[in-house]
Amino acid sequence: MDVYRGDVTVIADGTEYPAKADLRSWVEQRHVAAFGPTEAWVEGAADWNGKLEVRDEEVADTVTHAAERHLRMPDGRVGDFVVSRRSFDAGLLVIEGSGDPPF
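Residues numbered from 1 in each chain as written. Predicted model: local features only at pLDDT ≥ 70, side-chain atom pairs only at ≥ 80, totals over all residues. Heavy atoms only, no water.

Next up on the list: the pattern of salt bridges. Where charged atoms from two side chains of opposite charge approach closely, those side chains can pair. Inspection of the entire model under this criterion finds seven salt bridges. A salt bridge links Arg-24 to Asp-22; the shortest N-O distance between them is 2.8 Å. Among the ionic pairs, Arg-55 bridges to Asp-56, the shortest N-O distance being 3.3 Å. The class of Asp-56 is partly exposed, set by a relative accessible area of 27%. Among the ionic contacts, a cluster of salt bridges with common partners joins Arg-5, Asp-22 and Arg-24. (Salt bridge = Lys/Arg side-chain N within 4 Å of Asp/Glu carboxyl O. Buried < 20%, exposed > 50% of the residue type's maximum accessible area, 1.4 Å probe, protein only.)

Right under this line is the structure:
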């Protein structure tokens, strides 16, 4: 499992917003039956999710309703995400990543 906590840039429909992130990723492993006494595990798909804190409720609303959302890490890597929940009195978003983790 990887963890990232720090500054990121949220890109919602082409507009950039600074944000603080608390993200986690993991790789699922599945058991594969093997012949003889050997057992094997293979890695499956990677998943990631976490929380984003944006400037205010207005930015949170904009990001939530955007047609396209991207998360850019300080090193330039980018990942797509969806908003699964949000706080209606602050700029807090709970997100789920799409594709490989960008961190």
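Moving on: the pairing of strand 6 (residues 92–98). Two strands pair when backbone bridges link them, and strand 5 (residues 78–86) and strand 6 are joined in this way by six bridges, in the antiparallel orientation. Note that in strand 6 the partner of Arg-86 across the bridge is Leu-93. The hairpin turn running from strand 5 into strand 6, its antiparallel successor, is five residues long. (Pairing = 2+ DSSP bridges. Helix = DSSP H or I, 4+ residues; strand = E, 2+ residues; numbered from the N terminus.)

A few words on helix 1 (residues 57–64). The periodicity of an α-helix, 3.6 residues per turn, causes residues three or four places apart in sequence to face the same way. Of the residues making up helix 1, those classed as buried are Val-59, Ala-60, Val-63 and Thr-64. Along the axis of helix 1, the buried positions cluster into a sector of 135 degrees, meaning they face one direction only. Put simply, Asp-56 is the residue that caps the front of helix 1, since its side-chain oxygen is 3.2 Å from the backbone nitrogen of Glu-58. (Arc of directions from axis to C-beta. Polar contact = N/O pair within 3.5 Å; in protein donor to acceptor, adjacent residues only side chain to side chain.)

On to unusual backbone geometry, then. In this model, Asp-13 sits at a positive phi of 50 degrees, which is unusual for a non-glycine residue. Mapped onto the elements, Asp-13 comes out in the loop between strand 1 (2–12) and strand 2 (15–32).

A word on the confidence of the model for the protein. Here the protein averages 90 in pLDDT, while 83% of its residues score no lower than 70. Here strand 3 (residues 40–54) stands out as the least confident element of the protein, with mean pLDDT 82; strand 4 (residues 69–72) is the most confident, with 98. (pLDDT = per-residue confidence, 0-100.)

Let's shift gears to the environment of Trp-48. Looking at where Trp-48 falls in the secondary structure, it is placed in strand 3. Among the residues examined, Trp-48 registers a relative accessible area of 2% and is labelled buried. A sequence separation of 47 residues divides Trp-48 from Met-1, and the C-alpha atoms of the two residues are 9.4 Å apart. Polar side-chain contacts of Trp-48 include one of 3.3 Å to the backbone oxygen of Gly-99.

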